[in-house]
There are 2 protein chains.
Amino acid sequence: MRLSILIYDGLTTLDAIGGYEILARLPGMETEFVAAQRGIVAADTRRLGLAAFRDFSEVKATDILYVPGGPGGFALEKDDIFLDTIRRLDKTSTWTVGICNGVGLLAAAGLLKGRKATTNWFYQDRLRAYGTEFVAERYHRDGKYITGAGVSASIDTGLFLTSLIAGEQVAKTLQLGIEYYPAPPFPEQRPQDVAVEIQDRIRRFEAEGGKKQLAEVAPFKGMFELSRSAHD
Amino acid sequence: MRLSILIYDGLTTLDAIGGYEILARLPGMETEFVAAQRGIVAADTRRLGLAAFRDFSEVKATDILYVPGGPGGFALEKDDIFLDTIRRLDKTSTWTVGICNGVGLLAAAGLLKGRKATTNWFYQDRLRAYGTEFVAERYHRDGKYITGAGVSASIDTGLFLTSLIAGEQVAKTLQLGIEYYPAPPFPEQRPQDVAVEIQDRIRRFEAEGGKKQLAEVAPFKGMFELSRSAHD
């Protein structure tokens, strides 16, 4: 089984890693990090680089198409190459997964029209424009489309999808493997339970799409080059 | 404030990313991923490469020393260069953080002698040999030493440390930012509540230190080279 995680400049790493850390451990899973070009992809903080070791053209088909979110995702809602790749790989996927505003990328590709989906708390109002009904859940399944709420919801979503693929026992084994028995120091149950001034602060950040952050230059920019053999 | 996350061949990515995703967003934080050598570090799954853009010699001092765990960590308990680096950076750190069996690396460096610490569920019996008392908590503070349980506990630990550094309001803001309102599909409360056969399966994996996994060659090995300027 193949898991193809699409990564891009300005992704939020935990959107990808939460699901990866579980799904990549499924017996027989072949996991790949894929970007428009091979190379080091800078996360939204500009302080973490992830290796994309396959480019879009190298992935002919996949079983699980996985699209994380992040401030870099907003621009991709109008990126034909990115959206065409999503549409092409979705044609043969068994499961198509979106996390956070990665769900917006599935929606922008037209895959969620007439469907229900969850997404991050701040993106939810934007789904309607793509003909998708928002449901306030941590993760949601509509046919083969699995959507997750914001960032850390990638973990819950990954466990849920694992239970669908391999059953509850395997999911529980992997849950123990990553010791996912959460105990946050501030156990608010839902985003809307958080103080309004905190909600406003995050809303402001989200509204400007993390632009200030994305304008920073990653300290590793230009540091890593593809070796010649990688172009073969 | 500087956050130095030590990474190494065979780390478990979520050990590092759970804390990073929170701490790196603290205003004014300068985050760096550091390894013995600059280059692409392969995670334990062999399917994810992280960019180490500083080497040990480049980090003269740091405010937060952060050591994740993973099957690759066991060998480092006898690696003088790794342990000396931990000891050296700990001398001036404000906080020293260990997650999962990364706690064992702090212990092996002699930093936790006579102290209490948590660690992952399978490593707990090994702490005693280093003169450290295991406490069964999701995260624990003993002086400037902050320790976390297994893998995903890095998130809870990161939020806890954020509350110590910047206060509860900032921690709650970042918690909302990553939407950490967990809802695992199988809400067992503690590892020991999981069925015994599942515990045994993970115990077997841990006992052999993920050796089979680490023997695999990462598909991106040799693909990324340091550019000449990186050696300047």
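Given the structure is predicted, the values throughout are model-derived calculations rather than measurements.

(A) Molecular detail of the nonpolar core. Ile86(A) and Ile86(B) are the most contacted members of the largest nonpolar core, which has 134 residues in total. Apart from the residues within four sequence positions on either side, Ile86(B) is in contact with Leu6(B), Leu65(B), Val67(B), Leu105(B), Leu106(B), Ala109(B) and Leu111(B).

(B) Quick peek at the interface of chain B and chain A. The interface of chain B with chain A comprises 77 residues on the first partner and 77 residues on the second. Each partner contributes to the roughly 6700 Å² buried at the junction of chain B and chain A, and carbon and sulfur atoms together form 64% of this total. Its largest share of buried area at the contact with chain A, chain B owes to Glu179(B), Tyr181(B) and Phe186(B), together 11% of the area lost on that side. Linking Arg47(A) and Glu30(B) is a salt bridge whose minimum nitrogen-to-oxygen distance equals 3.2 Å. At the junction of chain B with chain A, the criterion picks out 33 residue pairs in polar contact (both at pLDDT 80 or more). Among the secondary structure elements, those contributing two or more residues to the side of chain B that touches chain A are helix H1 (13–23), strand E2 (30–35), strand E3 (39–42), strand E4 (49–52), helix H5 (153–166), helix H6 (168–177), helix H7 (196–207) and strand E12 (224–226) of chain B. Looking at the side of chain B that touches chain A, the element that brings in the most residues is H6(B), giving 8 residues. When grouped by side-chain class, the residues that make up the side of chain B that touches chain A number 40 nonpolar, 20 polar and 17 charged.

(C) Spatial organisation of the relation of the copies chain B and chain A. Taken as rigid bodies, chain B and chain A are interconverted by a rotation of 180° and an axial shift of 0.0 Å, the fit giving an RMSD of 0.0 Å. Those values place the two copies in the arrangement expected of a two-fold rotation axis. When you check the interface residues of chain B against chain A, 100% turn up at the interface there too, and the contact is symmetric in its surfaces.

(D) Region of interest: the packing of helix H1 (residues 13–23) of chain A against H1(B). Axis separation between H1(A) and H1(B) bottoms out at 10 Å; the angle between their running directions is 150°. Taken together, H1(A) and H1(B) sit at an angle that is classed as roughly antiparallel. Note on packing geometry: the crossing formed by H1(A) with H1(B) is left-handed. Between H1(A) and H1(B), the contacting residues are Thr13(A), Leu14(A), Ile17(A), Tyr20(A) and Glu21(A) on the first element and Thr13(B), Leu14(B), Ile17(B), Tyr20(B) and Glu21(B) on the second.

(E) Examining the packing of aromatic side chains more closely. What the rule picks out here adds up to 14 aromatic pairs over all chains. On the numbers, 4.6 Å between centres and 20° between planes, the contact of Tyr139(A) with Phe160(A) is stacked. In this pair, Tyr139(A) is assigned in strand E10 (residues 139–142) and Phe160(A) in helix H5 (residues 153–166), connecting sequence segments 21 residues apart. Here the aromatic rings of Trp121(B) and Phe122(B) are separated by 4.8 Å at their centres, their planes lie at 75°, and the arrangement is edge-to-face. Each of the two residues, Trp121(B) as well as Phe122(B), counts as buried. By way of ring pairs, the aromatic residues Tyr8(A), Phe56(A) and Phe82(A) are connected into one cluster. Taking NZ or CZ as reference, Arg203(B) lies 4.9 Å from the ring centre of Trp121(B), over its face.

(F) The arrangement of the pairing of strand E1 (residues 2–6) of chain B in detail. All names here are of chain B. Along E1, 4 of the 5 residues are buried, which leaves the element largely enclosed by surrounding structure. Of the pairings in the sheet, the one linking E1 to E2 comprises 5 bridges and is parallel in character. The residue of E2 that forms the bridge with Ile5 is Phe33. Each parallel crossover has a hand, and the one from E1 via H1 to E2 is right-handed. When E1 meets strand E6 (residues 64–67), the two strands line up parallel, connected through 3 bridges. Along E6, the bridge assignment pairs Ser4 with Leu65.

(G) Layout of the sheet that holds strand E7 (residues 95–99) of chain B. Overall, mixed pairing links the 7 strands, which are arranged E5-E2-E1-E6-E7-E11-E10 (chain B) in an open sheet. The open sheet has two edge strands, strand E5 (54–55) and strand E10 (139–142) of chain B, and neither has a second partner.

(H) Molecular detail of the sheet that holds E10(A). All names here are of chain A. Taken in spatial order, the 7 strands of this open sheet run E5-E2-E1-E6-E7-E11-E10, and their pairing is mixed. The open sheet has two edge strands, strand E5 (54–55) and E10, and neither has a second partner. Where E10 and strand E11 (residues 145–148) come together, 4 bridges link them in antiparallel fashion. Looking at the pairing, Asp142 lines up with Tyr145 of E11. Running at roughly 150° to strand E6 (residues 64–67), H1 makes contact with strand E1 (2–6), strand E2 (30–35), E6 and strand E7 (95–99) of the sheet.

Cut-offs used in this document
Residues numbered from 1 in each chain as written. Chains lettered and ligands numbered in written order. Predicted model: local features only at pLDDT ≥ 70, side-chain atom pairs only at ≥ 80, totals over all residues. Heavy atoms only, no water. Core = buried A, V, L, I, M, F, W, Y, C linked by side-chain atoms within 4.5 Å. Buried < 20%, exposed > 50% of the residue type's maximum accessible area, 1.4 Å probe, protein only. Contact = heavy atoms within 4.5 Å. Buried area = accessible area lost by both parts, 1.4 Å probe. Salt bridge = Lys/Arg side-chain N within 4 Å of Asp/Glu carboxyl O. Polar contact = N/O pair within 3.5 Å; in protein donor to acceptor, adjacent residues only side chain to side chain. Helix = DSSP H or I, 4+ residues; strand = E, 2+ residues; numbered from the N terminus. Nonpolar A, V, L, I, M, F, W, Y, C, P; charged D, E, K, R; others polar. Least-squares fit on C-alpha atoms with pLDDT ≥ 70 in both. Axes fitted to C-alpha atoms, helices over the stretch in contact; angles between N-to-C directions. Parallel < 35°, antiparallel > 145°, perpendicular 65-115°, else oblique. Left-handed = near helix turned anticlockwise from the far one by under 90°. Phe/Tyr/Trp six-rings, centres within 6.5 Å; stacked < 30°, edge-to-face > 60°. Lys NZ or Arg CZ within 6 Å of the ring centre and 35° of its normal. Pairing = 2+ DSSP bridges. Right-handed = clockwise from strand over helix to strand, strands pointing away.

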